[in-house]
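So you can see what is in the structure, the chains are spelled out below.
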Amino acid sequence: MKPAFSVIFLTTLIGVGQGLFLALYTQQSYALFGLLPLQDDAFYAYGSMLALLFLIGGLASSFLHLGHPERAWRTATQWRTSWLSREVIALPAFMGVVFVYGMTNLLDFRPVLVILRGGIPVDLSIVSGGLGTLLAFVLFVCTAMIYGCLRFLREWHSPLTVINFVLLGTASGFVLAAFYATFFATNYSPTQAGFFADWAFIITLLGLFGRSASLWRNARLRPTSTVQTAIGIKHPNIVQKSQGAMGGSFNTREFFHGKSPAFLRAIKPAFLVLAFAIPLLLLFAAHSHPAAWLLGTAFVLQYTGLLAERWYFFAEANHPQNLYYQTIG
Amino acid sequence: MTQLALVIDLNVCVGCHACVTSCKEWNTSGSAGPLCDENPYGADPTGTFFNRVQTFEVGQYPNTETVHFPKSCLHCEDPPCVPVCPTGASYKRKEDGIVLVDYDKCIGCKYCSWACPYGARELDEKQQVMKKCTLCVDRIYDTTLPERDRKPSCVLACPTSARLFGDVHDEESVVSKAIRESAGYALMPEWGTHPANHYLPRRKTSLKIHVDELERVDNPLKVDGKLPKPQKSDPTLDDVTSW
Ligand code: SF4
Ligand code: SF4
């Protein structure tokens, strides 16, 4: 498939936004049960606004993908059958909840809704955060299933697609949360950067396993469709002589990445190093010394790596229609 | 239930592209607007087509065969391109099984083209909406046309009658008979899309001659050529003729 930059930015940017929100809420949940010190309201408020910025960036980028963005409202109508439609509903819903969550913290409007046993008060911030967490996962599943549900794109049609979207998005969000947290160290509340960095390390490691598993799986796929099944002629030697167009067509532009095999081979180790290896080292170092420059570098490198990862994700998928478009001539 | 479809006879198609040009001509002139082309006379011409004729070579020299292979939307009975459309622009008509795109609803997200294993959908780069074969839906029901013209443009254009049109759910239709009697098959059956369009295979007319048919039964010594003349004195077969 041809990797479209609009979709690469959409999926990686909202991944960061979702991950950052999940990170904030994880810390808040720990704090609710007294396991970590609760941070200033501003920490959660500005953090969720930062997450919102990434989500808005993703949404804006998705519009660039459409031929008729002015008709985008129609995309919310087919949620019964289309994962794309479901994503289009889940994304603004999640953004709305992140906004509410941010506002409850920013305006300190936190009416207590329930009191748990043991006297733990559950306020609006906690409830909206919980809803946001749920929606973050719904959004991950919707985004990944857009690709995972296409059964003849075998590279994508696997639970690993969903697992990796969740893991890679969350990992980048936690790294950003760790970087963000370094700016909130005060005398009375120690920085939470170490906490986020440790989680980011674990999730990045899991992401490395998940992505390696899918690379391993995809390298061993045998194509289901062949030129024989495509034109229905049983013969081991069939070559295409013409495809009905001399100057290419939509089919040659949309479904081929157009890069050399050497480029494809180079990008794989590149994203493995950028998105996983270096961030893991930096996060490991940040465990004992959570410095802003370490975590900032980790985030920038990992995000760059994830862009390459997403590019490869698209490029590696081999569409069966390509069997009909082997030769111009 | 009706399922309109084309049956394409690969044994007859000569690869003349008459169906391609006729399809383009009809469908670029309709009320749905043109099928846009870019640089039609330039260095890198490209455009939107519903139908393409491709050519494949089967076998290795000198035992090769050229197969011309017309390809358009197959109007799948279980079309994977329809449920994925987020706007409902892509739909399959209940009444005749034609898969259509509503150009006024399509947002040009291209997702349906990803979901079609056959590459039958092409985005119109100028109008930014998805296009595909409509089975000339604006023609086959047009009562102002004489009855014999109410067929898809490609079918009418084909000089060798390689393209048949009809209802594949009606067992007596010309297409159903052709599929049944001439071994019609579907493309990429492995994906369970159940294409309505079928293809008829290449067929060779061959005469089977067995070895014993090449030998004269009245030649037990297996010597070919004229038999030696019998002597005048030899008895004749019928006691009448003599040499
Ligand atoms: S051939 Fe492709 S576009 Fe046509 S109905 Fe089947 S899946 Fe859809
Ligand atoms: S390109 Fe148009 S028809 Fe295809 S899925 Fe998107 S909105 Fe639907």
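Residues numbered from 1 in each chain as written. Chains lettered and ligands numbered in written order. Predicted model: local features only at pLDDT ≥ 70, side-chain atom pairs only at ≥ 80, totals over all residues. Heavy atoms only, no water.

**Student:** Which residues make up the nonpolar core, and what values go with them?
**Tutor:** Of all hydrophobic cores here, the largest spans 148 residues; its most connected members are Y147(A), W156(A), F196(A), Y324(A) and W114(B). The residues contacting F196(A), other than those within four sequence positions of it, are A23(A), L24(A), Q27(A), F43(A), F174(A), A177(A), A178(A) and A181(A). Judged by nonpolar contacts, the second largest core, of eight residues, contains V168(B), A178(B), A196(B) and L200(B). (Core = buried A, V, L, I, M, F, W, Y, C linked by side-chain atoms within 4.5 Å. Buried < 20%, exposed > 50% of the residue type's maximum accessible area, 1.4 Å probe, protein only. Contact = heavy atoms within 4.5 Å.)

**Student:** Kindly report on the site of ligand 2, identifying the contributing residues and their values.
**Tutor:** Surrounding ligand 2, one finds 13 residues, the nearest of these being C85(B), C106(B), C109(B), K110(B) and C112(B). Here the shell around ligand 2 is built from residues that sort into nine nonpolar, three polar and one charged. (Near = heavy atom within 4 Å. Nonpolar A, V, L, I, M, F, W, Y, C, P; charged D, E, K, R; others polar.)

**Student:** How would you summarise the site of ligand 1 if you had to cite specific residues and measurements?
**Tutor:** The environment of ligand 1 is made up of 13 residues, and the closest members are C73(B), L74(B), C76(B), C81(B) and C116(B). Looking at the shell around ligand 1 residue by residue, the class counts come to ten nonpolar, one polar and two charged.

**Student:** With reference to specific residues and values, describe a nonpolar patch on the surface.
**Tutor:** Residues Y46(A), L106(A), L107(A) and F109(A) make up a contiguous nonpolar surface patch of roughly 440 Å² in combined accessible area. Topologically, F109(A) is positioned in the loop between α3 (83–106) and β1 (112–116). (Patch = residues over 30% accessible without salt bridge, like charges linked within 9 Å, V, L, I, M, F, W, Y side chains within 5 Å. Areas by Shrake-Rupley, 256 points an atom, 1.4 Å probe, with all protein chains shown as cover. Salt bridge = Lys/Arg side-chain N within 4 Å of Asp/Glu carboxyl O. Helix = DSSP H or I, 4+ residues; strand = E, 2+ residues; numbered from the N terminus.)

**Student:** For the interface of chain B and chain A, give the residues involved together with the corresponding values.
**Tutor:** By convention, interface size is frequently given as the accessible area that disappears when the constituent parts associate. Listed by partner, the interface residues are 56 residues for chain B and 59 residues for chain A. Between chain B and chain A, the buried area comes to about 4,700 Å², and carbon and sulfur atoms account for 59% of it. Three residues, I107(B), W114(B) and W191(B), lead the burial of chain B against chain A; their summed loss comes to 18% of the area buried on that side. Note that K241(A) and E57(B) form a salt bridge whose closest N and O atoms lie 3.9 Å from each other. When contributions to the side of chain B that touches chain A are tallied by element, the ones reaching two or more residues are β4 (51–58), β5 (65–72), α2 (111–114), β8 (122–124) and β9 (129–131) of chain B. Of the residues forming the side of chain B that touches chain A, the biggest block, seven residues, is contributed by β4(B). Per-class residue counts for the side of chain B that touches chain A are 30 nonpolar, 15 polar and eleven charged. Where strand β3 (residues 238–242) of chain A lies against β4(B), four bridges are found, and the strand directions are antiparallel. For S242(A), the partnering residue across the bridge sits in β4(B) and is T55(B). (Buried area = accessible area lost by both parts, 1.4 Å probe. Pairing = 2+ DSSP bridges.)

**Student:** Would you mind going over the packing of aromatic side chains in detail, with residue names and values included?
**Tutor:** The final tally for this structure, using the stated rule, is 37 aromatic pairs over all chains. Geometrically, the ring pair formed by W156(A) and F314(A) is edge-to-face, given 5.6 Å between the ring centres and 90° between the ring planes. With W156(A) in the loop between α4 (124–148) and α5 (159–181) and F314(A) in helix α10 (residues 292–316), this pair connects stretches of sequence that are 158 residues apart. Pair check on accessibility: W156(A) and F314(A) agree, each one buried. Centroid distance F179(A) to F183(A): 5.3 Å. Interplanar angle 80°. Geometry classified as edge-to-face. We classify F179(A) as partly exposed; its relative accessible area is 26%. Take F183(A): its relative accessible area is 55%, and that puts it in the exposed class. Site record: aromatic cluster; members linked through ring pairs are Y30(A), F43(A), Y44(A), F174(A), Y180(A), F184(A), F195(A) and F196(A). Geometry around W26(B) places R139(B) over its ring, the cationic atom sitting 4.3 Å from the centre. (Phe/Tyr/Trp six-rings, centres within 6.5 Å; stacked < 30°, edge-to-face > 60°. Lys NZ or Arg CZ within 6 Å of the ring centre and 35° of its normal.)

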